[in-house]
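The primary structure of each chain is shown beneath.
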Amino acid sequence: MKSSLASEGGTPVRKEFLPFSLPMLGDEEKAEVLKVLDSGWITTGPRAFEFEKKVAAYVGASEAVALSSCTAALHVSLAVLGVGPGDEVITSTLTFCSTANVIIHLGAKPVLVDVRSDTLGMDPVEVEKKMTAKTKAIIPVHYAGHPCRMDDIDSLAASRSVPVVEDAAHALGAEYRGKKIGSLSRLTCFSFYPIKNITTAEGGAITLNDRELADKIRLYSLHGMSKDAWKRYSSRGAWYYEVLYPGFKYNLTDLQAALGLHQMDRLDGFLARREHIASLYDEAFSECEEVSSLHVERDVKHARHLYPILLNLEKLSIDRGRFIDELRAENIGTTVNFVPVHMHPYYRDTFGYGPGDFPVAEDAYERVISIPLYPRMTDEDANDVMEAVKKVASHHRKG
Ligand SMILES: Cc1ncc(COP(=O)(O)O)c(C=O)c1O
């Protein structure tokens, strides 16, 4: 006999709520933070610079600039490329709002494109249709940590000499055709928000292979000042500086970098753990008709930031919202990535988007749920997630 649903008074699959995500911070991070506090230098300085070196070395880029968020990284990237009023920037509609917001901040127009149905990554065929003489940059979004088809996107970009700025918020550790994400494009932006593959509480980075452009990013991200605080206040510094551009305040502090230094050391272990849990899910859901997993292409290494499941709604008597409520009653936390950008009121009303404009993203949005996937989870936690999904699916099977 089936055990009854927690929402109907049955016993939940687990006693304690399993959050959608939790960071994994250890004694090394704690000790490093205390060292920074004791040192008297808490803003951007030696730890941030060391963190930059680790990020650059890991992804195989010559430069990394650590910043306060991936949003900041995307904003500065477009600014140093000279994106401004009258320009268009192409990106995926299935992304976090900040990818599109930063384009608006610079006075340019976000030109949204639909995604591929198998990976939910930006569809190069749709990119080609939207390229015009005004296209000033392309921002592929590596949804869930699965790299987009970069060869196709790069050749489109190259055909019009348009730079590619990757939104790799989900993709630290991912690889495309044997190369790490972060080493491929003009600029790649990462996020170190608490749920990401590593965290600095809040933080981000841009990686690139261009020293001059990296210096420009450093300048733009700190008010446009010719010298950062370390160069002014440390024992070898000098007070005089000049403002060369009306820049932003987007630096990453040494306190944050203290976390990041040790998170980088653990990254490969984190990725292996994520891959292990994802493989358990892949197997479990391959036998569950009500649920589909996303496809993984053969020429990539998936960073496994998210594990989105797609509900096969024709086989279920409930919708996605109700499925999430049932999982919460079973003590499983989830989220939805993402409400497509064009469905948010600002974008819908400003650019006149309507239903059916991006059919693949809209269909995915109706059906998608991101389930817990993080290194701090035990196999038992993962089993609870699988059991809860199967329990809810079987109770609400149609017919
Ligand atoms: C695809 C994508 N891009 C950009 C961001 C922004 O990252 P941050 O919070 O570091 O600004 C996020 C954050 O969740 C994201 O998911």
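Residues numbered from 1 in each chain as written. Predicted model: local features only at pLDDT ≥ 70, side-chain atom pairs only at ≥ 80, totals over all residues.

(A) Here's a closer look at the overall build of the protein chain. Counting its regular elements, the protein chain contains 13 helices and 13 strands. The C-alpha radius of gyration computed for the protein chain amounts to 22 Å, which stays within 12% of the reference 21 Å derived for 399 residues, consistent with globular compactness. The dimensions of the protein chain, computed from C-alpha atoms along their principal axes, are 75 × 55 × 40 Å. In the protein chain, of all internal contacts separated by at least 6 residues, the share reaching a separation of at least 24 is 73%. (Helix = DSSP H or I, 4+ residues; strand = E, 2+ residues; numbered from the N terminus. Rg over C-alpha atoms; globule rule 2.2 N^0.38 Å. Contact = placed C-beta atoms within 7 Å.)

(B) Up close: the site of the ligand. The environment of the ligand is formed by 14 residues, the closest being S69, C70, T71, A169 and S191. If you list the elements that add at least two residues to the shell around the ligand, you get α3 (70-80) and α4 (97-105). Split into classes, the residues belonging to the shell around the ligand amount to five nonpolar, eight polar and one charged. (Near = placed C-beta within 6 Å. Nonpolar A, V, L, I, M, F, W, Y, C, P; charged D, E, K, R; others polar.)

(C) Main features of the pairing of strand β12 (residues 307-311). Summarising burial for β12: four of the five residues are buried, a large majority. Note that strand β10 (residues 291-293) and β12 share three bridges and pair antiparallel. The partner of S292 across the bridge, within β12, is L310. Alignment of β12 against strand β13 (residues 368-371), held across four bridges, turns out to be antiparallel. Along β13, the bridge assignment pairs I309 with I369. (Buried ≥ 20, exposed ≤ 12 C-beta atoms within 10 Å, placed from the backbone. Pairing = 2+ DSSP bridges.)

(D) Local environment of the nonpolar core. Counting 116 residues, the largest nonpolar core has L67, A73, V76, L78, C189 and I206 as its most contacted members. If you tally residues by element for this core, the top one is helix α9 (residues 254-286), at 11 residues. For this core, the domains that each give at least three residues are domain 1 (6-22 + 267-395) and domain 2 (27-263). Once you skip the residues sitting within four places of it in the chain, C189 turns out to touch C70, A73, L74, S77, V165, E166, D167, A168, A169, G204 and I206. (Core = buried A, V, L, I, M, F, W, Y, C linked by C-beta atoms within 7 Å. Domains from an automatic or database assignment.)

(E) Representation of the sheet that holds strand β6 (residues 175-176). The strand order across the open sheet built from three strands is β7-β6-β11, with neighbouring strands paired in antiparallel fashion. A strand with exactly one partner marks an edge of an open sheet, and here the two such strands are β7 (179-180) and β11 (300-301). With two bridges connecting them, β6 and β7 associate as antiparallel partners. Opposite E175, over in β7, you have K180 as the bridge partner.

(F) Molecular detail of the domain arrangement of the protein chain. Domain assignment breaks the protein chain into domain 1 (6-22 + 267-395) and domain 2 (27-263). If you average the C-alpha positions of domain 1 and of domain 2, the two centres end up 27 Å apart. Counting residues at the interface gives 28 residues for domain 1 and 31 residues for domain 2. If you list the elements that add at least two residues to the side of domain 1 that touches domain 2, you get α9, β11 and α12 (359-367). A total of four residues in the side of domain 1 that touches domain 2 trace back to one element, the largest contributor, which is α12. For the side of domain 1 that touches domain 2, the class distribution of residues is 18 nonpolar, six polar and four charged.

(G) Geometry of the environment of S185. Within the secondary structure layout, S185 lies in the loop between β7 and β8 (187-191). Spatially, the C-alpha atoms of S185 and A61 are 9.8 Å apart, while their sequence positions differ by 124 residues. Excluding residues that lie within four positions of it along the chain, S185 makes contacts with V164, V165 and E166.

(H) Up close: the pairing of strand β3 (residues 109-113). Among the five residues that make up β3, four are buried, leaving the element largely enclosed by the rest of the structure. Where strand β2 (residues 88-92) and β3 come together, five bridges link them in parallel fashion. Following the sheet pairing, E88 is matched in β3 by K109. Since β2 and β3 lie parallel, the crossover through α4 that links them has a hand, and here it is right-handed. (Right-handed = clockwise from strand over helix to strand, strands pointing away.)

(I) How the structure looks around the packing of α3 against α4. One way to put it is that α3 packs onto α4 with a least axis distance of 9 Å and a crossing angle of 40°. Viewed along their axes, α3 and α4 form a crossing whose handedness is right-handed. For the pair α3 and α4, the contacting residues are T71, L74, H75 and L78 in the first and S98, T99, V102, I103 and H105 in the second. The residue makeup of the contact of α3 with α4, split by class, is four nonpolar, five polar and no charged. (Axes fitted to C-alpha atoms, helices over the stretch in contact; angles between N-to-C directions. Left-handed = near helix turned anticlockwise from the far one by under 90°.)

(J) Main features of the environment of P246. Looking at the element boundaries, P246 is found in the loop between α8 (229-233) and α9. When the C-alpha positions of P246 and L219 are compared, they lie 9.6 Å apart, and in sequence the two are 27 residues distant.

(K) Local environment of unusual backbone geometry. Cis peptide bonds are those with omega within 30 degrees of zero, and the linkage from N337 to F338 qualifies with 5°. As for its placement among the helices and strands, F338 is situated in the loop between α10 (320-329) and α11 (345-351). Its identity as a non-glycine residue notwithstanding, A144 has a phi of 70°, on the positive side. Along the polypeptide, A144 turns up in the loop between β4 (135-139) and α6 (150-159). Positive phi outside glycine occurs at S161, with the angle close to 50°. Topologically, S161 is positioned in the loop between α6 and β5 (165-167). Classification of S161 by C-beta neighbours within 10 Å gives exposed; the count is 6.

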